[in-house]
Amino acid sequence: MARRRTRSEANIWPGFVDGLSTLLLVLMFVLSIFVVAQFYLGDRLNVVKQELADKDSELARLIAQINSLNDQLGLAQAERERLQAQVLSLEDTIAQKDEELAGLAAALATSQAAVAASAEELEAEKALSEEQKSEIATLNAQIAALRRQLASLQEALDAAEAKDKEQQAQIENLSQRLNAALARKVQELQEVRSRFFEALREALGDRTDIKVVGDRFIFESDILFGSCSATLGEAGKVELNKLASALLDIQGDIPTEVNWVLRVDGHADASPLGPSCRAVFDSNLDLSAQRAISVVQYLNSRGVPERRLLATGSGSSAPLVSGYSAGALAQNRRIEFKLTER
């Protein structure tokens, strides 16, 4: 029994050694793969870093190029102003060169006229003439170049002026058309006003207290209101009914593009308000304005559109006649009607 146990223990050891050897080989293989992978990844990482560095360099170059283009665009306006200044400078330079050329030509003529019989003087004169001719040729070449530059710049300026003239012609054409349209509107309104006046004259008859002054119908306030009152009387309503009917008869014939309005202007005389009247109205201006508003409200109740009515009060600031007689004061207390455009 002891011999079998010893033999069994002796047989286990070689198997253990083989297993350990196999494990070591596997570990060596894994370490080899790890080293190769690390080497490959390190090399690949270096390549990627280099590519990133190249991309950064390219990006920096592109940014610099964009900044340069922005600077060039910013200089475009300055270049245009510089060219205009250069035109003036070239004109001055040409004038100076022309003066120099004239002086050299005069000197050449003088030299040629002063040729002496002496050979030395003749040679010296010839040398001088050749030198002056060379200078003249140089100046002529410079002037020709300057004139070419001036012609090019002049062409650009002529093109700009032609464009300005074309735009000015368009503006003048539009202005003429606008003036013609305004004239047509004024004519249309004038025709409507004439028809309105004629219809109102026929409706009102030959009353002396209602008159036409220029382009206005004038009602004395005594026809429409009582003393120190902004309430229409019955007699006044009758006359306003005639006015409203005449206006409603012609409003359908007024062109739709004419934005017409009947302006109602209230006027008072220059007499100060009495104590009882001051208790109702602040001033003659307030009284005239309230009377104009009453007329507008009544005409609106008779069918005249509210947007076609306009009430204003002027107090005693615009008398129709001068003086303080009873007749003058009665004429200055009035309501004026004017058919006009808003």
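Residues numbered from 1 in each chain as written. Predicted model: local features only at pLDDT ≥ 70, side-chain atom pairs only at ≥ 80, totals over all residues. Heavy atoms only, no water.

Section: a negative patch on the surface
Right, so step 1: The grouping of Glu 155, Asp 158, Glu 161 and Asp 164 at the surface amounts to a negative patch.
Right, so step 2: Look at Asp 164 and you get partly exposed, because its relative accessible area is 49%. (Patch = residues over 30% accessible without salt bridge, like charges linked within 9 Å, V, L, I, M, F, W, Y side chains within 5 Å. Areas by Shrake-Rupley, 256 points an atom, 1.4 Å probe, with all protein chains shown as cover. Salt bridge = Lys/Arg side-chain N within 4 Å of Asp/Glu carboxyl O. Lys, Arg positive; Asp, Glu negative; His and termini not counted. Charge placed at Lys NZ, Arg CZ, Asp CG, Glu CD. Buried < 20%, exposed > 50% of the residue type's maximum accessible area, 1.4 Å probe, protein only.)

Thoughts on the nonpolar core
Right, so step 1: Ranked by size, the top nonpolar core spans 26 residues in total, and within it Leu 224, Leu 240, Leu 262, Val 295, Leu 299 and Phe 337 carry the most contacts.
Right, so step 2: Of all elements in the fold, only strand E2 (216-220), helix H3 (221-224), helix H4 (234-251), strand E3 (260-267), helix H6 (284-301) and strand E5 (334-341) reach the threshold of two or more residues within this core.
Right, so step 3: Residues contacting Val 295, with those up to four places away along its chain left out, are Leu 224, Phe 225, Leu 232, Leu 240, Val 264, Ile 335 and Phe 337.
Right, so step 4: The next biggest cluster of nonpolar side chains, apart from the first, holds six residues, and it includes Leu 90, Ile 94, Leu 146 and Leu 150. (Core = buried A, V, L, I, M, F, W, Y, C linked by side-chain atoms within 4.5 Å. Helix = DSSP H or I, 4+ residues; strand = E, 2+ residues; numbered from the N terminus. Contact = heavy atoms within 4.5 Å.)

A look at the state of the cysteines
Right, so step 1: All told, the structure shown has one disulfide when counted by the stated rule.
Right, so step 2: Between the sulfur of Cys 228 and that of Cys 277 lies a disulfide, 1.7 Å long from S to S. An S-S torsion of about 105° defines the bridge between Cys 228 and Cys 277 as right-handed. Of the two residues, Cys 228 is situated in the loop between H3 and H4 and Cys 277 in helix H5 (residues 275-278); the sequence distance between them amounts to 49 residues. (Disulfide = S-S within 2.5 Å.)

Some remarks on H4
The α-helix advances 3.6 residues per turn, and as a result positions three or four apart in sequence lie on the same side.
Right, so step 1: For H4, spanning 18 residues, the distance from its first C-alpha to its last is 25 Å, which sits close to the expected 26 Å at 1.5 Å a residue.
Right, so step 2: Those residues of H4 not exposed but buried are Gly 236, Glu 239, Leu 240, Leu 243, Ala 244, Ala 246, Leu 247 and Ile 250. Each buried residue of H4 lies within a common arc of 160° when the element is viewed along its axis, so the set occupies one face. Facing away from the buried side of H4 by more than 90 degrees, the exposed set consists of Glu 234 and Asp 249. (Expected span 1.5 Å × (residues − 1). Arc of directions from axis to C-beta.)

Description of a nonpolar patch on the surface
Right, so step 1: There is a patch of nonpolar side chains on the surface, built from Phe 16, Val 17, Leu 20, Leu 23, Leu 24 and Leu 27 and spanning about 540 Å² of accessible area.
Right, so step 2: Relative to the assigned elements, Leu 24 resides in helix H1 (residues 2-113).

Points about the packing of aromatic side chains
Right, so step 1: Evaluation of the coordinates by the stated rule reveals one aromatic pair.
Right, so step 2: An angle of 75° between the planes, with centres 5.1 Å apart, marks the rings of Phe 219 and Phe 337 as edge-to-face. Pair noted here: Phe 219 is in strand E2 and Phe 337 is in strand E5, with a separation of 118 residues, a long-range link. Neither residue differs from the other here; Phe 219 and Phe 337 are each classed as buried. (Phe/Tyr/Trp six-rings, centres within 6.5 Å; stacked < 30°, edge-to-face > 60°.)

As for unusual backbone geometry
Right, so step 1: For Cys 228, which is not a glycine, the phi torsion comes out positive at approximately 55°.
Right, so step 2: A relative accessible area of 27% places Cys 228 in the partly exposed class.

Quick word on the confidence of the model for the protein
Right, so step 1: On average, residues of the protein carry a pLDDT of 79, and 78% of them reach 70 or more.
Right, so step 2: Highest mean pLDDT in the protein belongs to H6 (96); lowest belongs to helix H2 (residues 119-204) (70). (pLDDT = per-residue confidence, 0-100.)

As for the pairing of E3
Note on strand geometry: in a regular strand, side chains alternate between the two faces of the sheet.
Right, so step 1: With seven of its eight residues buried, E3 lies for the most part within the structure.
Right, so step 2: Judged from the five bridges that link them, E3 and strand E4 (residues 309-313) form a sheet pairing that is parallel. Within the sheet, the bridge partner assigned to Gly 266 lies in E4 and is Gly 313. (Pairing = 2+ DSSP bridges.)

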